[in-house]
Amino acid sequence: MAFWLFKSEATTWSWEDQVAKGDAGEEWDGVRNYQARNFMREMKIGDRGFFYLSQKDKAVVGIVEVCAESHPDSTTDDDRWECVDIKAVRAFSVPVTLDQIKSDDRLADMVLVRNSRLSVQPVADREWQVVCELGRTDPD
DNA sequence: GCCAACGTTGGC
DNA sequence: GCCAACGTTGGC
């Protein structure tokens, strides 16, 4: 099982919006970046991801799970763009802020730190464990 | 609100 | 196929 990070803006798609979709989940649509799309193509059902809020919050706030593998993005007719579906698994006990992540030596290589603009990114196993620990949340 | 970093587009 | 111009993202 692989780990990922999905970036959203709370004003566009919040954690509460994601939770409201329940186990049915929702398309992670709107991605128009090849790197991000390619990562989604690699995802398998059951893979886990962090739900990160950019801009105002700048924090990881919860864990999601991939519940449908890559398929055409329903928000465009352009067949270059695909997306997966994800569902909320659980909220973090405490959000883990970008500041915390940047100041933790163990997370220095996170894509979030190295390439802040990429909206869908891989997370290393070790990074997954550390961020869950900082969020005082069960990593499984 | 600014701007650096990055990705994409289009002229040559 | 290169690269200048432009648009967007996201941290500050």
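Remember, it's a predicted structure, so these values are computed and weren't measured experimentally. Positions within a chain are numbered from 1, following the residues in the order the chain's sequence is written. Both sets of labels track the order of writing: A upward for chains, 1 upward for ligands. Confidence filtering applies because this is a predicted model: local features only for residues at pLDDT of at least 70, side-chain atom pairs given and counted only at 80 or more, and all residues used for totals across whole chains, interfaces and linings. Think of the side-chain values as coming from all heavy atoms in the structure, minus any hydrogens and water.

1. Focus: the overall build of chain A
- Only runs of H or I of at least four residues qualify as helices and only runs of E of at least two qualify as strands under DSSP, and these elements are numbered from the N terminus. When you go through chain A residue by residue, the secondary structure sums to five helices and six strands.
- When the helices and strands of chain A are placed in sequence order, the string is β-α-β-α-β-β-β-α-α-β-α.
- Both definitions apply: the radius of gyration is a C-alpha atom measure, and the globule rule equals 2.2 Å times residues to the power 0.38. The C-alpha atoms of chain A give 14 Å as radius of gyration, which agrees with the globular expectation for 140 residues (14 Å, within 12%).
- With respect to the principal axes defined by its C-alpha atoms, chain A has extents near 40 × 30 × 30 Å.
- For every residue, the accessible area obtained with a 1.4 Å probe (protein chains only) is divided by the maximum for its type, and the residue is called buried under 20%, exposed over 50%, and partly exposed between those limits. Here chain A, with 140 residues, has 46% of them falling under the buried criterion.
- Residue contacts are counted whenever heavy atoms from the two residues lie within 4.5 Å of one another. The contacts in chain A between residues at least 6 apart in sequence include a share of 69% that link residues at least 24 apart.
- Just so you have it, chain A exposes about 7300 Å², and 45% of that area is on carbon and sulfur atoms. In these tables, accessible area is a Shrake-Rupley quantity obtained with a 1.4 Å probe, and a residue counts as shielded only by the protein chains included in the view.

2. Some details on the UniProt feature "domain: EVE" (unreviewed entry) in chain A
- The positions UniProt marks with the feature "domain: EVE" (unreviewed entry) are residues 2-134.
- Each end of residues 2-134 is marked by a C-alpha atom, and these two atoms are 20 Å apart; helix forms 26% of the span and strand 36%. UniProt positions are given in the numbering used here, feature names are shortened, and annotations may be inferred rather than shown by experiment.

3. Let's talk about the nonpolar core
- By size, the foremost hydrophobic cluster in this structure holds 21 residues, and its most contacted members are Phe-6, Trp-28, Met-40, Met-43 and Val-120.
- Apart from the residues lying within four places of it in its own chain, the contact partners of Met-43 are Trp-4, Phe-6, Val-66, Glu-69, Val-84 and Val-120. Take the buried residues of types Ala, Val, Leu, Ile, Met, Phe, Trp, Tyr and Cys, join any two whose side-chain atoms come within 4.5 Å, and each joined set is a nonpolar core.

4. A word on the protein's contact with DNA strand C
- In the vicinity of DNA strand C, the contacting residues are Lys-7, Tyr-52, Ser-54, Gln-55, Lys-58, Leu-98, Lys-102, Ser-116 and Arg-117.
- Backbone atoms, meaning sugar and phosphate, make up 79% of the atoms of DNA strand C lying within 4 Å of the protein.
- Polar contacts, as counted here, are pairs of nitrogen or oxygen atoms within 3.5 Å of one another; within protein the pair requires one atom able to donate a hydrogen and one able to accept it, and residues that are adjacent in sequence qualify only if both atoms are side-chain atoms. Between a phosphate oxygen of DNA strand C and a side-chain N or O atom of Lys-102, the distance comes to 2.7 Å.
- In this structure, a base oxygen belonging to DNA strand C sits 3.1 Å away from a side-chain N or O atom of Arg-117.
- Three categories are distinguished: nonpolar for Ala, Val, Leu, Ile, Met, Phe, Trp, Tyr, Cys and Pro, charged for Asp, Glu, Lys and Arg, and polar for the others, with Gly belonging to the last. Across the surface near DNA strand C, the residue classes tally to two nonpolar, three polar and four charged. If a single non-hydrogen atom of a residue is within 4 Å of a molecule or strand, that residue counts as near it.

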